[in-house]
Amino acid sequence: MRAAVLHEIGQDKLEVLDDVEAVGFGPGRVRVRIRATGLCHSDLSAMGGVLPQPAPFVPGHEGAGEILEVGEGVTRVKPGDRVVVCWLPACGACPACRRGQTELCLAGFMNAGTPNFRRPGGDVFGFAGTGTFAEEVVVDAGCAVPIPDDVPFDIAALIGCGVTTGLGAALNTADVEAGSSVAVIGCGGVGISAIQGARLKGAAEIVAVDPVASRREAALGFGATRAVSPDQLPDAKQQITGGEGFDYVFEVVGRSATARTAYDTTRRGGTLVVVGAGAMDDHLQLNMFELFFDEKRILPSMYGGGDVLRSYERTIALWRAGRIDLEGLITHRVPLAEINEALDQMRTGTALRTCIEI
């Protein structure tokens, strides 16, 4: 079958090969035919070594498709079912799951160290234990979440990561208060979803911050009340909050520099939500006095900060009701053979989300 492979960490191009085999099928596992997958910035981060991932590997973790085959003991899905790929399934038995913090379950991360694919030259891993830049993937049954037949594969793919992460940051982690002021730093697919979440919660002011003009323009169509470049953020802070700072600031870039800006842009007693996935050696510096004196809440948000399956259901319900726009997030579409074009669209910021049709 065909799959896009990164041979070594640090390479900026993927090679689409037709000699890749999905492996690992057996009890408790399912084989999924991927129909659509989104390109998330985390894929680029893994390719560049910012996020740890063994190589060679097939990127992609935001996918949807249909079940081809189920292993022994699998009863939740059957061949022909439409599913969204969940890269962080909950085991239901670990301490985090028992506390109700299923987004912190580590069981899914254990899959990242087991090869999902094989080529004549040896084993190939799947990013985050999945690897959706492939025609087929074999995953644990818990990674294949059934979706209704009326949800298109491209929409379902977005729900698998970016939309769930951004919406959840606003709805679950921050629990944005109606009438509040919000700034979102980084307005790709995840940031736009955070904007939509803040709008749903009734935020009065939502400022989108991004260096790319097309993304700023797009943000206005998804609920932002103002869109500014990073160098215009101090003026927006002054004009909207009188210099005090925003009630909520979402950092959706994953860099210490933007996290520091986000902290400084948050009012005393306000909330900074860290959504972007950054590098282990990129340290955010805060002094002990400001931590105490400012009393700002710093809330990391992992995969939307809530029960993933419930978040999927909520997102579908909101989409059906017309309360959120998911179709508009897909600004570009490319076939798997042109995957490197999608990478360029992500790097230059010309795309909110590119759908790779497989």
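Residues numbered from 1 in each chain as written. Predicted model: local features only at pLDDT ≥ 70, side-chain atom pairs only at ≥ 80, totals over all residues. Heavy atoms only, no water.

An unreviewed UniProt entry annotates the protein chain as Molecular chaperone GroES of Streptomyces antibioticus. Here the protein chain is described in UniProt, under the heading Sequence similarities (unreviewed entry), as follows: "Belongs to the zinc-containing alcohol dehydrogenase family." The heading Cofactor (unreviewed entry) in the UniProt record of the protein chain holds the text "Zn(2+)". (UniProt positions renumbered as here; feature names shortened; annotations may be inferred.)

Chemist: What is the right way to read the side chain of Lys-296 from this model?
Modeler: By the element assignment, Lys-296 lies in the loop between helix H10 (288–294) and strand E17 (297–300). Although Lys-296 is buried, it forms no salt bridge, and the closest oppositely charged side chain is Asp-294 at an N-O distance of 4.2 Å. A distance of 2.6 Å separates a polar side-chain atom of Lys-296 from the backbone oxygen of Tyr-263. Only 2.8 Å separates the side chain of Lys-296 from the backbone oxygen of Thr-266, close enough to count as a polar contact. Not counting chain neighbours up to four residues away, the residues in contact with Lys-296 comprise Tyr-263, Asp-264, Thr-266, Arg-267, Arg-268, Gly-269 and Gly-270. (Helix = DSSP H or I, 4+ residues; strand = E, 2+ residues; numbered from the N terminus. Buried < 20%, exposed > 50% of the residue type's maximum accessible area, 1.4 Å probe, protein only. Lys, Arg positive; Asp, Glu negative; His and termini not counted. Salt bridge = Lys/Arg side-chain N within 4 Å of Asp/Glu carboxyl O. Polar contact = N/O pair within 3.5 Å; in protein donor to acceptor, adjacent residues only side chain to side chain. Contact = heavy atoms within 4.5 Å.)

Chemist: When you look at the packing of helix H5 (residues 162–174) against helix H6 (residues 189–200) in this model, what are you seeing that I'm missing?
Modeler: Where H5 contacts H6, the axes come no closer than 7 Å and their chain directions differ by 40°. Between H5 and H6, the angle falls in the class oblique. In the crossing of H5 with H6, the sense of the turn from one axis to the other is right-handed. Listed contacts from H6 to Gly-162, Val-163, Thr-165, Gly-166, Leu-167, Ala-170 and Leu-171 of H5 are Val-190, Ser-193, Ala-194, Gln-196, Gly-197, Ala-198 and Leu-200. Looking at the contact of H5 with H6 residue by residue, the class counts come to eight nonpolar, six polar and no charged. (Axes fitted to C-alpha atoms, helices over the stretch in contact; angles between N-to-C directions. Parallel < 35°, antiparallel > 145°, perpendicular 65-115°, else oblique. Left-handed = near helix turned anticlockwise from the far one by under 90°. Nonpolar A, V, L, I, M, F, W, Y, C, P; charged D, E, K, R; others polar.)

Chemist: Could you clarify how one ought to interpret the environment of Thr-266 in this entry?
Modeler: Positionally, Thr-266 belongs in strand E16 (residues 266–274). For Thr-266, a relative accessible area of 2% puts it in the buried group. As for Thr-266 and Glu-244, which are separated by 22 residues in sequence, their C-alpha atoms are 7.9 Å apart. Sequence-distant contacts of Thr-266, that is, excluding residues within four places in its chain, are made with Glu-244, Gly-245, Phe-246, Asp-247, Val-249, Thr-271, Leu-272 and Lys-296. At 2.8 Å, the side chain of Thr-266 forms a polar contact with the backbone oxygen of Ala-262.

Chemist: Is there a simple way to explain the UniProt feature "domain: Enoyl reductase (ER)" (unreviewed entry) in the protein chain in this structure?
Modeler: Here the UniProt feature "domain: Enoyl reductase (ER)" (unreviewed entry) sits at residues 10–352. Between the first and last C-alpha atoms of residues 10–352 the distance is 23 Å; the span itself is 31% helix and 24% strand.

Chemist: Honestly, the layout of surface pockets in this entry has me stumped. Any pointers?
Modeler: Rolling a probe over the atoms, with the probe sized like a water molecule, indicates the empty space that remains. The volume enclosed by the second largest pocket comes to roughly 160 Å³. Val-84, Val-145, Pro-146, Ile-147, Pro-148, Ile-159, Leu-309, Tyr-312, Glu-313, Ile-316, Ala-317 and Arg-320 together form the lining of the second largest pocket. No other element matches the six residues that helix H11 (residues 308–320) contributes to the lining of the second largest pocket. Residues belonging to the lining of the second largest pocket are distributed by class as follows: ten nonpolar, no polar and two charged. (1 Å grid on protein atoms, 1.4 Å probe; cavity = no way out; pocket = protein on both sides within 12 Å on 5 of 7 lines; lining within 4 Å. Points joined across faces, edges and corners; volume = space filled by probe spheres on them.)

Chemist: In this structure, what is going on with the pattern of salt bridges? I would like to understand it.
Modeler: It is possible for side chains bearing opposite charge to pair when their charged atoms get close. Under the definition given, this model contains 21 salt bridges. In this structure, Arg-320 and Asp-150 form a salt bridge, with 2.8 Å as the shortest nitrogen-oxygen distance. Placement of the pair is Arg-320 in helix H11 and Asp-150 in the loop between strand E11 (144–146) and helix H4 (153–159), with a sequence separation of 170 residues. Between Asp-175 and Lys-201 there is a salt bridge; the shortest N-O distance is 2.7 Å. With Asp-175 in the loop between H5 and strand E12 (181–185) and Lys-201 in the loop between H6 and strand E13 (205–209), this residue pair connects regions lying 26 residues apart in the sequence. The exposure class assigned to Asp-175 is partly exposed, which follows from its relative accessible area of 44%. Relative accessible area serves as the criterion here: at 26%, Lys-201 is assigned to the partly exposed category. Put simply, Lys-13, Asp-344 and Arg-347 are held in one network by salt bridges that share partners.

Chemist: I keep staring at the sheet that holds E17 and nothing clicks. Help me out?
Modeler: Whenever strands of a sheet pair, they do so through backbone hydrogen bonds, lying parallel or antiparallel. Spatially, E14-E13-E12-E15-E16-E17 is the arrangement adopted by the six strands of the open sheet, whose pairing is parallel. The sheet terminates laterally at strand E14 (226–228) and E17, the two strands that pair on one side only. On average, each strand axis in the sheet is inclined to that of its neighbour by 20°, with strand direction left out of account. In this sheet, E16 lies alongside strand E15 (residues 246–251) in parallel orientation, the contact comprising five bridges. What sits directly across from Phe-250, in E16, is Val-273. Those strands touched by helix H9 (residues 256–265) are E12, E15, E16 and E17, and its axis lies near 150° from that of E16. (Pairing = 2+ DSSP bridges.)

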